[in-house]
Amino acid sequence: MERYRQAVPVALAIAIFIVLQALLILGDRKDTPGDAVIAFSKAYFLLDPSMGDWLCSASRTIGGVDGVSYHLARVDQQARERGFSADYMKNRLDHIRVYTLQQDEKTAKVRLTAMRRFAMNPLYALVGQIFGFTRAHEVEETLTVVKEGNRWKVCEAPYRWTAGI
């Protein structure tokens, strides 16, 4: 009986830890404008078609054209003109910071600053970063975010990606 008495505090501490962790996870799942901007921006620079999931309905199609498909096709064409595949045009974002400039119940303006690096091959990016073959480029953009349903979504031609439509 004595040895079980020593295990009770440990078991109680573990149970409290699990409950507290679950509460923190549930609290962190709150959708924010900054989260939407980060998710969209990462998908945009990695040329991931899932970027359309983070676009508001008004920005998804422009002039009857699917904006995501058009953008990806345009980037693919630019890469082919340079003699590469579309993977060559991928970039990843590092040191991402978001600042909410203004926000009300349905809209927000969020400023994103980050460093953009070449991301065709993770090994090449790492070697390029270590030996100085690649340089980081600064990204600064203010994005408008609207709440559609229960999710924040990016609107108004982010990164001027629809300029050619």
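Figured I'd write up the structure that's included with this text.

Cut-offs and rules
- Residues numbered from 1 in each chain as written.
- Predicted model: local features only at pLDDT ≥ 70, side-chain atom pairs only at ≥ 80, totals over all residues.
- Heavy atoms only, no water.
- Phe/Tyr/Trp six-rings, centres within 6.5 Å; stacked < 30°, edge-to-face > 60°.
- Buried < 20%, exposed > 50% of the residue type's maximum accessible area, 1.4 Å probe, protein only.
- Lys NZ or Arg CZ within 6 Å of the ring centre and 35° of its normal.
- Core = buried A, V, L, I, M, F, W, Y, C linked by side-chain atoms within 4.5 Å.
- Helix = DSSP H or I, 4+ residues; strand = E, 2+ residues; numbered from the N terminus.
- Contact = heavy atoms within 4.5 Å.
- Pairing = 2+ DSSP bridges.
- Axes fitted to C-alpha atoms, helices over the stretch in contact; angles between N-to-C directions.
- Patch = residues over 30% accessible without salt bridge, like charges linked within 9 Å, V, L, I, M, F, W, Y side chains within 5 Å.
- Areas by Shrake-Rupley, 256 points an atom, 1.4 Å probe, with all protein chains shown as cover.
- Salt bridge = Lys/Arg side-chain N within 4 Å of Asp/Glu carboxyl O.

1. Notes on the packing of aromatic side chains
For step 1, the next point in the chain: In total, this model carries 3 aromatic pairs according to the counting rule given.
For step 2, the next point in the chain: The interplanar angle of 90° and the centroid separation of 5.0 Å between the aromatic rings of tyrosine 44 and phenylalanine 45 together place this pair among those described as edge-to-face.
For step 3, the next point in the chain: On the basis of relative accessible area, phenylalanine 45 is assigned to the buried category, the value being 12%.
For step 4, the next point in the chain: The lysine or arginine in question, arginine 151, covers the ring of tryptophan 54, its NZ or CZ lying 4.3 Å from the ring centre.

2. Description of the nonpolar core
For step 1, the next point in the chain: Among the nonpolar cores identified, the biggest contains 20 residues, and Val37, Phe40 and Tyr159 are the most heavily contacted of them.
For step 2, the next point in the chain: Per element, the largest residue contribution to this core is 6 residues, and it comes from helix 2 (residues 33–45).
For step 3, the next point in the chain: Excluding residues within four positions of it along the chain, valine 37 makes contact with Val98, Val110, Leu112, Leu143, Val145 and Val154.

3. Topic: the pairing of strand 4 (residues 107–118)
For step 1, the next point in the chain: The sheet contact formed by strand 3 (residues 91–103) and strand 4 spans 10 bridges and is antiparallel. Counted as the bridge partner of glutamine 103 is alanine 108 from strand 4.
For step 2, the next point in the chain: Between strand 3 and strand 4, which pair antiparallel one after the other, the connecting turn spans 3 residues.
For step 3, the next point in the chain: As judged from the 10 bridges shared by strand 4 and strand 5 (residues 137–148), these two strands associate in the antiparallel manner. Across the sheet, threonine 113 pairs through a bridge with glutamate 140, a residue of strand 5.

4. What to know about the sheet that holds strand 5
For step 1, the next point in the chain: Read from one edge of the open sheet, 4 strands run 3-4-5-6, paired in antiparallel fashion. The sheet terminates laterally at strand 3 and strand 6 (151–155), the two strands that pair on one side only. Taking each pair of neighbouring strands and ignoring which way they run, the sheet shows an average axis angle of 35°.
For step 2, the next point in the chain: Each of strand 3, strand 4, strand 5 and strand 6 is contacted by helix 2, which is oriented at about 150° to strand 3, the strand it contacts most.

5. Quick look at a nonpolar patch on the surface
For step 1, the next point in the chain: Side chains of Leu123, Tyr124, Leu126, Val127, Ile130, Phe131 and Phe133 sit close together on the surface and give an oily, nonpolar patch of about 760 Å² of accessible area.
For step 2, the next point in the chain: Examined against the element boundaries, phenylalanine 133 turns out to sit in the loop between helix 5 (122–131) and strand 5.
For step 3, the next point in the chain: For phenylalanine 133, a relative accessible area of 57% gives the class exposed.

6. Looking at the pairing of strand 6
For step 1, the next point in the chain: With 4 of 5 residues buried, strand 6 is to be regarded as a mostly interior element.
For step 2, the next point in the chain: Where strand 5 and strand 6 come together, 5 bridges link them in antiparallel fashion. Each bridged residue has a counterpart across the sheet, and for lysine 147 the counterpart in strand 6 is tryptophan 152.
For step 3, the next point in the chain: Between strand 5 and strand 6, which follow one another and run antiparallel, lie 2 residues, and glycine 149 among them has a positive phi close to 70°.

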